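An overview of the molecular structure
Here's the letter readout for the chains.
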Amino acid sequence: RTDIVLGQQDWNPPASAADWTNLYGWTTLATPATGGNTGGFLQVTFPFTATPEAAQDTWYDVVYMPATNLFAGAWSNEMSIKFDFWVSNISPGALQVRWSTNIDSPDMWGYSLTPPAAGTGGWTTFTAPLQNWSNWMYDGATEAQYLADLASIDWVGIYIYRSTADEQIYGIDNVMLVVPEPAECLLLAGALVILGLSLRRRHPQPGALAPSG
């Protein structure tokens, strides 16, 4: 499907990671010059930790940027967030796209994704459509709240939960905000019109004489 890209961060050539930060500080960020889909990428590293998983606080992080990095206009539920993700050695325990109206707020909207397996060596493209609010996890939330928050979005990021205490390295690239190509919708509408006219020609209208044969 062809999409219109409203905004993109691809680190090609490698850009500074200054606009990206880690919410909880348990990862380190770097921007290698090569290794991305077509160049640089944002490298996210979980260092080895001796803290048990039960402690939770060292086992996950949210790598995020201001929403205006992608689009300074009004966000709507007709858009989708897309990004490429790479696994170096260990598949993450959980992967989500997250966003909120305030980085200091504990309330975040989250769209869960199936993490790619380790050892594939390639990049996996994920899409998180904003159309269906119920796909975004937020306890006790409503559609009205979702649309209101989306209209005042402050930041957007990627949530990663580590699987083990070992060092884990991940990559993020080609983060985009997209909307479906209008021309595609017009082509679909045109095809439906043509199909409808074809069906009408095949079936005589009431009062019309059926062809003799």
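Heads up: the structure comes first, above all this text.
Owing to the predicted nature of the structure, the values given are computational and were not obtained by experimental measurement.

Quick notes on the overall build of the chain
- For the chain, the count of helices and strands is two helices and 11 strands.
- Out of the 213 residues in the chain, the part that is buried amounts to 39%.
- Of all intrachain contacts in the chain linking residues separated by at least 6 positions in sequence, the fraction that spans at least 24 positions is 76%.
- Total accessible area computed for the chain in this model is approximately 11100 Å², and 56% of it derives from carbon and sulfur atoms.

Considering the environment of S134
- Here S134 lies in the loop between β9 (123-129) and α1 (143-151).
- Here S134 falls in the partly exposed class, since its relative accessible area comes to 49%.
- Among the polar contacts listed, one links the side chain of S134 to the side chain of N132, at a separation of 2.7 Å.

What about the sheet that holds strand β5 (residues 60-66)?
- Here five strands make up an open sheet; going across it, the order is β2-β5-β10-β7-β8 and the pairing antiparallel. Every interior strand has two partners, whereas the edge strands, β2 (21-22) and β8 (109-113), have only one.
- Both strand β7 (residues 94-100) and β8 contribute to a ladder of five bridges, which runs antiparallel. Bridging from a neighbouring strand, V97 pairs with Y111 of β8.

The rules behind these values
- Residues numbered from 1 in each chain as written.
- Predicted model: local features only at pLDDT ≥ 70, side-chain atom pairs only at ≥ 80, totals over all residues.
- Heavy atoms only, no water.
- Helix = DSSP H or I, 4+ residues; strand = E, 2+ residues; numbered from the N terminus.
- Buried < 20%, exposed > 50% of the residue type's maximum accessible area, 1.4 Å probe, protein only.
- Contact = heavy atoms within 4.5 Å.
- Areas by Shrake-Rupley, 256 points an atom, 1.4 Å probe, with all protein chains shown as cover.
- Polar contact = N/O pair within 3.5 Å; in protein donor to acceptor, adjacent residues only side chain to side chain.
- Pairing = 2+ DSSP bridges.

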